[in-house]
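This is what each chain is made of:
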Amino acid sequence: MKALVLVGGFGTRLRPVTYTVPKQLIPIAGKPLLYHVLDLLPDDVEEVVLATGYKADVIDGYVRTHPVRWPVRTVPEAEPLGTGGGMKNAGDGMSDPFFLLNSDVIASADLEAMRTAHAARGGVGTMALFEVEDTRPYGVAALDAQGRITAFVEKPEPEDAPSRWINAGLAVWSRTALDAIPPGRPVSFEREIVPGLLTQGVYGYRFTGYWDDAGTPDRLLNAQRLLFEAGRGGKLGIPRGAFGTGPVATMDGSRAAGASFGPNVTLAPGVTVEAGAHVANSILMDDVRVERDATVTDSILGPRVRVRAGHRLVRQVLGDGAEA
Ligand code: GDD
Ligand code: MG
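About the thresholds
- Residues numbered from 1 in each chain as written.
- Chains lettered and ligands numbered in written order.
- Predicted model: local features only at pLDDT ≥ 70, side-chain atom pairs only at ≥ 80, totals over all residues.
- Heavy atoms only, no water.
- Helix = DSSP H or I, 4+ residues; strand = E, 2+ residues; numbered from the N terminus.
- Contact = heavy atoms within 4.5 Å.
- Domains from an automatic or database assignment.
- Buried area = accessible area lost by both parts, 1.4 Å probe.
- Salt bridge = Lys/Arg side-chain N within 4 Å of Asp/Glu carboxyl O.
- Polar contact = N/O pair within 3.5 Å; in protein donor to acceptor, adjacent residues only side chain to side chain.
- Pairing = 2+ DSSP bridges.
- Axes fitted to C-alpha atoms, helices over the stretch in contact; angles between N-to-C directions.
- Donors = N, O, S within 2.8 Å, 3.2 Å for Na, K, Ca; no water.

1. Things to note about the environment of histidine 278
And then number 1: Position of histidine 278 relative to the elements: it lies in strand E19 (residues 278-280).
And then number 2: When the C-alpha atoms of histidine 278 and alanine 294 are compared, they prove to be 6.5 Å apart, with 16 residues separating the residues in sequence.
And then number 3: Discounting residues that sit within four places of it in the chain, histidine 278 has contacts with Ser260, Phe261, Gly262, Ala294, Thr295 and Val296.

Right, dumping it as structure tokens:
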């Protein structure tokens, strides 16, 4: 089976970081968001196809230099085609069925079990569903007693939401779903295509545990916390010569002797945190420099950001090269 991963979208809610770094390559809990998504795939996947758009070349360059367990191919769009248009554009040669993954979600879902459930029940698709309080930002499914989806509404008003089970952005679809997408124009798969497929049998695969869409600063930091709690944080502990609680995911070549750390921090390659500085619940991207006695809390710092000595930074999102 192959996997089609939707990697377009501008990441507007994570600006200014996403002016230079696509959302999917922001490191959380020690690796880019996209790589946490790919971790969910079973080992025997034949090929991963990334439907890219915004910053396609950056993503292509990254996956070539940081290989994953499967062959990866990127298929860029000249202009944004939406989720359905991106699927159609990248769908040539897709397996039947195939995995469809959003690239901005973290989850405790078992995709192997979802594939088995799909094979057992048949139908054109099986969507992973997670129960949330506030359904407004998501696609929401109504289910019958057999787990078949009877209605699907994208981003409904609360009074129109048919349940609290939302599309987790992880699914198995047969090629029939691709055939249903008109070519050559932007298409929302969730709004224009999924409702029409329900008569052919689309099932819900409900899971519990953790899930988040990491599309805003708060949610990105929340996703990082969930991954750390789930033990998916890669190299843990605190950097050499530093102190505090952590966990800190220290990627190659970052230094923090004499600094202190609270929980849930990622230090991307080349980060320097000087002595006396303190960092908690934050993401420090490549070559960030936090000078002596500065404090960084609940913040996302893009590449090459500099935090001056003694400065206190709280709940900030700073783009490439900014000085604070
Ligand atoms: N190739 C391509 N082209 N990909 C795109 C495009 C595009 O034009 N627009 C968005 N994407 C990708 C995003 O990178 C993301 O991985 C996925 O498609 C979904 O887009 P979002 O913009 O993040 O959508 P959303 O979060 O509002 O809603 C979607 O995800 C929810 C779960 O997080 C929907 O699938 C909802 O039904 C779902 O509940
Ligand atoms: Mg999203």
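On we go from here.
2. Describing the domain arrangement of the chain
And then number 1: The domain architecture assigned to the chain consists of domain 1 (2-229) and domain 2 (243-318).
And then number 2: Together domain 1 and domain 2 conceal approximately 1,400 Å² of surface at their shared face, both sides included; 74% is due to carbon and sulfur atoms.
And then number 3: Together, Pro27, Leu221 and Phe228 form the three largest contributors to the area buried by domain 1 at its contact with domain 2, with a combined 39%.
And then number 4: Inspection of the region where domain 1 meets domain 2 yields 1 salt bridge.
And then number 5: Aspartate 218 is paired through a salt bridge with arginine 315; the nearest N and O atoms lie 3.4 Å apart.
And then number 6: Our enumeration of links across domain 1 and domain 2 arrives at 6 residue pairs in polar contact (both at pLDDT 80 or more).
And then number 7: Secondary-structure elements contributing two or more residues to the side of domain 1 that touches domain 2 are strand E2 (27-28) and helix H7 (217-229).

3. Looking at the sheet that holds strand E20 (residues 282-284)
And then number 1: Here we have 5 strands laid out as an open sheet, ordered E15-E17-E20-E23-E26, and parallel in their pairing. Of all strands in the sheet, those with a lone pairing partner are strand E15 (248-250) and strand E26 (317-318), marking the two edges.
And then number 2: In this fold H7 packs onto E15, strand E17 (265-267), E20, strand E23 (300-301) and E26, with an angle of close to 95 degrees to the strand it touches most, E20.

4. Quick look at the coordination of the magnesium ion (ligand 2)
And then number 1: For the magnesium ion (ligand 2), the full set of protein donor atoms is Asp104 (OD) and Asp213 (OD), and the range of their distances to it is 2.2 Å. Of this pair, aspartate 104 sits in the loop between strand E6 (98-102) and strand E7 (105-107) while aspartate 213 is found in strand E13 (residues 211-213), placing the two residues 109 residues apart along the sequence.

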